[in-house]
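Observations on the model geometry
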Amino acid sequence: MSLFAGQPNAGQLRALLAKDRVEATLCLHLDFGKNPLRLCARAIPFTDIRGERWTGGGGLLVGLPEVSASDDELAPYRDYILGIPERLVSSANWRGAVMDEVRDTANYKGRAYRLSLQIFDQRAPVGNPITIDQGQMSRMEVEFAPDISGLRLQCEAGAVRMNVPTGQLLTYADQKSLYPTDEGLEFVAENYRQVVWTKF
């Protein structure tokens, strides 16, 4: 698939990318059920040519994963590090509010994410954002620390291989986190056995 496929002004985009320097920003769309986020690496928000508003990710977008994949990875995971939203921190019991967000898996599990690159010409967006990586959100964890607290959002990349294991070990704890009433792997560790996901 061409980088310029589906771009309304492919000629202008092609000319901009041929220059020595290109004005661009990373954009991350997280399709949360309650409050979808469109974050960018710019300090100044912008509206793309489709009318979607992208806000500065300062404070919320803390860390991005390395986007790569190898032949033996069926469904690589990406970890996005997010700051804790101000609306949660300002509540009296903010740690409880954060834990409630993490436990509300319907708000994120199986919902889409997309990392893209928006090209600009004299501070105006040109063309649609170019997709770098996309998939679905899978798991969220929270880390409370004295210096900084944050959320780790694990996302499953790859549009075709959703929910396919990555060659990892299947443990009792992992199974319980996915299916709380399943006791099928309860004695696996006691019998010194390992259940290994197979490669297809």
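Small disclaimer: the values here were computed from a predicted structure and weren't measured. (Residues numbered from 1 in each chain as written. Predicted model: local features only at pLDDT ≥ 70, side-chain atom pairs only at ≥ 80, totals over all residues. Heavy atoms only, no water.)

Thoughts on the overall build of the chain
Helix and strand content of the chain: four helices and eleven strands. Here the contacts in the chain between residues at least 6 apart in sequence split such that 57% fall between residues at least 24 apart. Summing over all exposed atoms, the chain offers an accessible surface of approximately 12200 Å²; the carbon and sulfur share of this is 52%. (Helix = DSSP H or I, 4+ residues; strand = E, 2+ residues; numbered from the N terminus. Contact = heavy atoms within 4.5 Å. Areas by Shrake-Rupley, 256 points an atom, 1.4 Å probe, with all protein chains shown as cover.)

Things to note about the confidence of the model for the chain
Averaged over every residue, the pLDDT of the chain is 79; residues scoring 70 or more account for 76%. Across the chain, strand E3 (residues 46-47) holds the top mean pLDDT of 93, while strand E11 (residues 195-196) sits lowest at 58. (pLDDT = per-residue confidence, 0-100.)

Structural notes on the pattern of salt bridges
One pass over the structure, following the stated rule, counts nine salt bridges. A single network of salt bridges, built from pairs that share partners, joins Arg38, Asp48, Arg50 and Glu52. (Salt bridge = Lys/Arg side-chain N within 4 Å of Asp/Glu carboxyl O.)

Considerations on the environment of Leu37
With respect to the helices and strands, the residue Leu37 is situated in strand E2 (residues 37-40). With relative accessibility at 23%, the residue Leu37 sits in the partly exposed group. Sequence separation of Leu37 and Trp54 is 17 residues, and the distance between their C-alpha atoms is 8.2 Å. The contact partners of Leu37, leaving out residues within four places of it in the chain, are Leu28, His29, Leu30 and Phe32. (Buried < 20%, exposed > 50% of the residue type's maximum accessible area, 1.4 Å probe, protein only.)

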